[in-house]
Amino acid sequence: MRTLYRSSRVRTLSYPATGEWVLVDGRHVERVGIGEVPDADRVVDLPGTTILPGFVDTHVHLTGTGVHHQAPGLASAGSAADLLSVAREVAQARVGPVYLHGWDESGWADRTLPSVDQLDGIADRPLGLARVDGHLVLVDRAALSEIDTREPGVELDAAGEPTGRLTGPAAQAAKRWFATHLSEHDVEELQLEGASLAVAHGVTTIHEMSMPAERGMRDLEILRGHRARLPLDVVSYVATTDISSVIDLGLPRVGGDLPVDGSIGARTAFVREGFVDRDDDPRGYFGDDELAQYFHDGHLAGLQVGVHAIGDAAIEQVVRTWERVYQSLDSRQRRHFRARRHRIEHFEMADPQVIERAAMLGLGVSVQPTFDARWGSPGGLYEQALGPERARSMNPFRDLVRRGMEVGAGSDSPITTIDPLVGVAAFEAHHDPEQRLGREEAIRVFTLGSARLAHQEDKKGSLEPGKHADFAVYDVDPLEVASLEGVRPVLTVSLGRDVYAA
Ligand SMILES: [Zn+2]
């Protein structure tokens with residue numbers, strides 16, 4: 001079955017740079033051309049439109065995206081009272097445990113969080129409200145009674161009573177409890193909802209960051225069970241140190257969002273000089289030897305290994321550990337090391353020296369430009385936590401690209417919107433003008449760059465004969481339109497299927 005998509009302009013991101021139509025044979029691009037059109041079984045006329053290769057989002061939590069989409073009001077809550085009233089509304093409409101995601105107090109006039117007594121007043125059953133970065137969860141006493149409160153990360157008041165604020169292992173335990181109390185059908189629906197949202201924004205491939213510590217292996221098993229029915233392609237990364245478990249699943253990669261540290265928002269990132277508004281000393285989640293063992297075993301098993309690292313100390317630890325693993329290899333093994341493109345997710349507090357060292361090792365970085373748009377501006381969250389000087393040098397996108405690093409981009413949805421054009425706009429509007437990327441460059445990072453991070457550049461990221469028929473059709477040209485605000489595809493095609501139409 002051959003389908004001809006006729007538009008005004010096809011941006012191939014390859015050579016030749018533009019065409020007027022795409023001929024699709026089954027799941028693949030047969031040809032992109034100009035002028036005389038070939039025969040096809042089906043012709044889709046899209047006059048005046050521009051076609052771009054499908055976007056590849058390198059960092060998505062699909063079930064979480066569905067959860068977030070269930071209560072969008074949480075993200076726009078402007079105070080603790082707002083947050084409680086949104087939670088109350090959702091709780092009243094439901095029967096089981098209530099777990100919601102997306103609040104962000106960094107923009108509130110009064111950043112005081114609700115107390116455990118106030119949380120107890122929302123529902124007479126377990127309630128969990130996760131901060132936008134997922135690293136801080138507010139829970140009521142009913143939820144506290146379901147988890148082991150001896151876990152590290154249960155905040156206590158002066159009297160030794162839990163405040164309802166959970167971070168680290170305790171936050172993960174709470175998330176895991178909520179996740180395992182959803183039915184399989186509910187999980188499928190949430191994943192489908194997340195995937196539908198992605199294709200409505202032109203995303204045709206996601207790198208799914210599975211978090212067994214939060215959702216158990218069940219979330220991944222459910223996803224793999226119905227992935228053929230999803231409207232987009234899923235590349236799974238599993239945040240585990242259990243290498244044999246991913247080999248059993250047939251995956252060529254391990255880790256992904258496996259946290260070496262936490263986040264700036266939750267003040268759990270592993271940063272060298274601490275947080276300006278905290279006295280405690282930030283720590284990483286891994287000892288050096290433990291991390292080296294993991295990297296070494298993953299590498300020797302032939303896998304691509306990825307970890308989450310945000311703070312400067314965490315990033316340095318990861319790069320230093322990879323250097324140590326590299327040193328331990330023989331010359332034949334070293335020759336193939338760079339090609340593995342071991343990954344670092346986020347890579348936010350990277351200085352020029354650590355960038356150089358990471359580049360030498362061929363490490364790939366999966367960045368989230370929208371983090372900068374949201375938290376990187378003067379007076380924003382990063383400045384509140386780190387002071388102006390350290391905040392200013394964060395997320396040096398231009399330096400990464402200039403150094404020739406493997407750079408791909410993602411949303412970390414549901415932490416930020418799964419809309420890649422919001423990410424492209426964030427690349428263009430970086431808080432430091434020196435670190436901005438141009439429009440086309442930003443789109444290349446979000447397509448070809450992202451595809452390369454999963455070793456899929458032979459299949460995805462540009463429109464060429466033999467590659468996957470993954471593309472998005474716009475009624476403006478996203479490379480030329482002045483503002484990308486509100487620009488959405490009119491049609492999205494994934495593996496030759498029309499998966500979304502406006
Ligand atoms: Zn992460």
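The preceding data block contains the structure.
Residues numbered from 1 in each chain as written. Predicted model: local features only at pLDDT ≥ 70, side-chain atom pairs only at ≥ 80, totals over all residues. Heavy atoms only, no water.

S.K.: Even after reading the chapter, I still don't get the overall build of the chain, so can you show me in this structure?
M.R.: Per the secondary structure count, the chain includes 19 helices and 21 strands. Its C-alpha atoms give the chain a radius of gyration of 23 Å, within 12% of the compact-globule value 23 Å for 502 residues. The dimensions of the chain, computed from C-alpha atoms along their principal axes, are 80 × 60 × 45 Å. By sequence separation, contacts in the chain at least 24 residues apart represent 72% of the contacts at least 6 residues apart. (Helix = DSSP H or I, 4+ residues; strand = E, 2+ residues; numbered from the N terminus. Rg over C-alpha atoms; globule rule 2.2 N^0.38 Å. Contact = heavy atoms within 4.5 Å.)

S.K.: I keep staring at the packing of helix α7 (residues 184-199) against helix α9 (residues 218-226) and nothing clicks. Help me out?
M.R.: Relative orientation and spacing of two packed helices are given, respectively, by the angle between their axes and the distance between those axes. For the pair α7 and α9, the least separation of the axes is 10 Å and the interaxial angle reads 65°. One finds that α7 runs roughly perpendicular with respect to α9. The hand of the α7/α9 crossing is right-handed. Only Arg-218, Asp-219, Ile-222, Leu-223 and His-226 of α9 make contact with α7, whose side of the interface consists of Glu-184, Val-187, Glu-188 and Gln-191. Class assignment for the residues of the contact of α7 with α9 results in three nonpolar, two polar and four charged. (Axes fitted to C-alpha atoms, helices over the stretch in contact; angles between N-to-C directions. Parallel < 35°, antiparallel > 145°, perpendicular 65-115°, else oblique. Left-handed = near helix turned anticlockwise from the far one by under 90°. Nonpolar A, V, L, I, M, F, W, Y, C, P; charged D, E, K, R; others polar.)

S.K.: Explain the packing of aromatic side chains here, please?
M.R.: Aromatic ring pairs are defined here through the distance separating the ring centres and the angle between the ring planes. Counting across every chain of the model gives 13 aromatic pairs. Relative to Phe-471, the ring of Tyr-5 has its centre 5.0 Å away and its plane inclined at 80°; by these criteria the two rings are edge-to-face. Linking Tyr-5 in strand β1 (residues 2-11) with Phe-471 in strand β19 (residues 471-474), this pair joins segments that are 466 residues apart in sequence. There is no split in this pair, since Tyr-5 and Phe-471 are both buried. Taking 5.3 Å as the distance between ring centres and 80° as the angle between the ring planes, the aromatic pair formed by Tyr-326 and Phe-337 counts as edge-to-face. Of this pair, Tyr-326 sits in helix α12 (residues 312-327) while Phe-337 sits in the loop between α13 (331-335) and β16 (343-346), placing them 11 residues apart in sequence. Overall, Tyr-326 belongs to the partly exposed group, its relative accessible area being 25%. Classification of Phe-337 as buried rests on a relative accessible area of 1%. Chaining the aromatic ring pairs together yields one cluster made of Tyr-294, Phe-295, Trp-322, Tyr-326 and Phe-337. (Phe/Tyr/Trp six-rings, centres within 6.5 Å; stacked < 30°, edge-to-face > 60°. Buried < 20%, exposed > 50% of the residue type's maximum accessible area, 1.4 Å probe, protein only.)

S.K.: Sorry if this is basic, but what is going on with helix α18 (residues 420-428) here?
M.R.: Owing to its 3.6 residues per turn, the α-helix brings residues three or four apart onto one side. Among the residues making up α18, those that are buried are Pro-420, Leu-421, Gly-423, Val-424, Ala-426 and Phe-427. Where α18 begins, the side chain of Asp-419 points an oxygen toward the backbone nitrogen of Leu-421, at a separation of 2.9 Å. (Polar contact = N/O pair within 3.5 Å; in protein donor to acceptor, adjacent residues only side chain to side chain.)

S.K.: How do you make sense of the environment of Ser-145 when you look at a structure like this?
M.R.: Among the structural elements, Ser-145 can be located in the loop between α5 (141-144) and β10 (154-156). Overall, the relative accessible area of 57% leaves Ser-145 in the exposed class. Side-chain polar atoms of Ser-145 contact the backbone oxygen of Ala-142, separated by 2.7 Å.

S.K.: I'm lost on the packing of helix α1 (residues 62-70) against α7 in this one. Help?
M.R.: Here α1 crosses α7 at 85°, and the two axes come no closer than 7 Å. Taken as axis vectors, α1 and α7 run roughly perpendicular relative to one another. Residue-level contacts link Leu-62, Thr-63, Thr-65, Gly-66, Val-67, His-69 and Gln-70 of α1 to Val-187, Leu-190, Gln-191, Glu-193, Gly-194, Ala-195 and Leu-197 of α7. Here the residues of the contact of α1 with α7 sort into six nonpolar, seven polar and one charged.

S.K.: What should I look at first to understand the pairing of strand β20 (residues 491-494) in this one?
M.R.: Moving residue by residue along a regular strand, the side chains alternate between the two faces of the sheet. Both faces of β20 are covered, namely the face carrying Leu-491 and Val-493 and the face carrying Thr-492 and Ser-494. Linking β20 to strand β21 (residues 497-501), which pair antiparallel, is a turn of two residues; within it Leu-495 sits at a positive phi near 50°. (Pairing = 2+ DSSP bridges.)

S.K.: Looking at this structure, how should I read unusual backbone geometry?
M.R.: Keep in mind that most residues, glycine aside, have a negative phi and that most peptide bonds are trans. Residues Tyr-15 and Pro-16 are joined by a peptide bond in cis, for which omega reads -10°. With respect to the helices and strands, the residue Pro-16 is situated in the loop between β1 and β2 (18-25). Omega for the peptide link from Ser-413 to Pro-414 comes to 15°, which places this bond in the cis form. Positive phi values are uncommon outside glycine, yet Leu-13 reaches one of about 55°. Mapped onto the elements of the fold, Leu-13 is located in the loop between β1 and β2.

S.K.: When you look at the pattern of salt bridges in this model, what are you seeing that I'm missing?
M.R.: Side chains that differ in charge, positive against negative, can pair when their charged atoms come close. Summed over the entire model, instances satisfying the criterion amount to 39 salt bridges. Arg-11 is paired through a salt bridge with Asp-477; the nearest N and O atoms lie 2.7 Å apart. With Arg-11 in strand β1 and Asp-477 in the loop between β19 and β20, the pair connects residues that are 466 residues apart, well separated along the chain. Across the pair, exposure class does not vary: Arg-11 and Asp-477 are buried alike. For Asp-104, the salt bridge goes to Arg-374, with nearest N and O atoms at 3.6 Å. Of the two residues, Asp-104 sits in the loop between β7 (98-103) and α4 (116-120) while Arg-374 sits in helix α15 (residues 369-375), which places them 270 residues apart along the sequence. (Salt bridge = Lys/Arg side-chain N within 4 Å of Asp/Glu carboxyl O.)

S.K.: Could you clarify how one ought to interpret the sheet that holds strand β8 (residues 127-131) in this entry?
M.R.: Strand pairing within a sheet occurs via backbone hydrogen bonds; the two strands may be parallel or antiparallel. Pairing in this open sheet of five strands is mixed, and the strands run β7-β8-β9-β11-β10 from one edge to the other. In this open sheet, the two edge strands, each paired with only one partner strand, are β7 and β10. Direction aside, neighbouring strands of the sheet carry axes that sit 25° apart on average. Across three bridges, strand β9 (residues 136-139) lies against strand β11 (residues 162-167) in antiparallel orientation. From the neighbouring strand, Val-137 faces β11, where its bridge partner is Leu-166. The strands touched by helix α6 (residues 168-180) are β7, β8, β9, β10 and β11; relative to β11, the strand with the most contacts, the crossing angle is about 90°.

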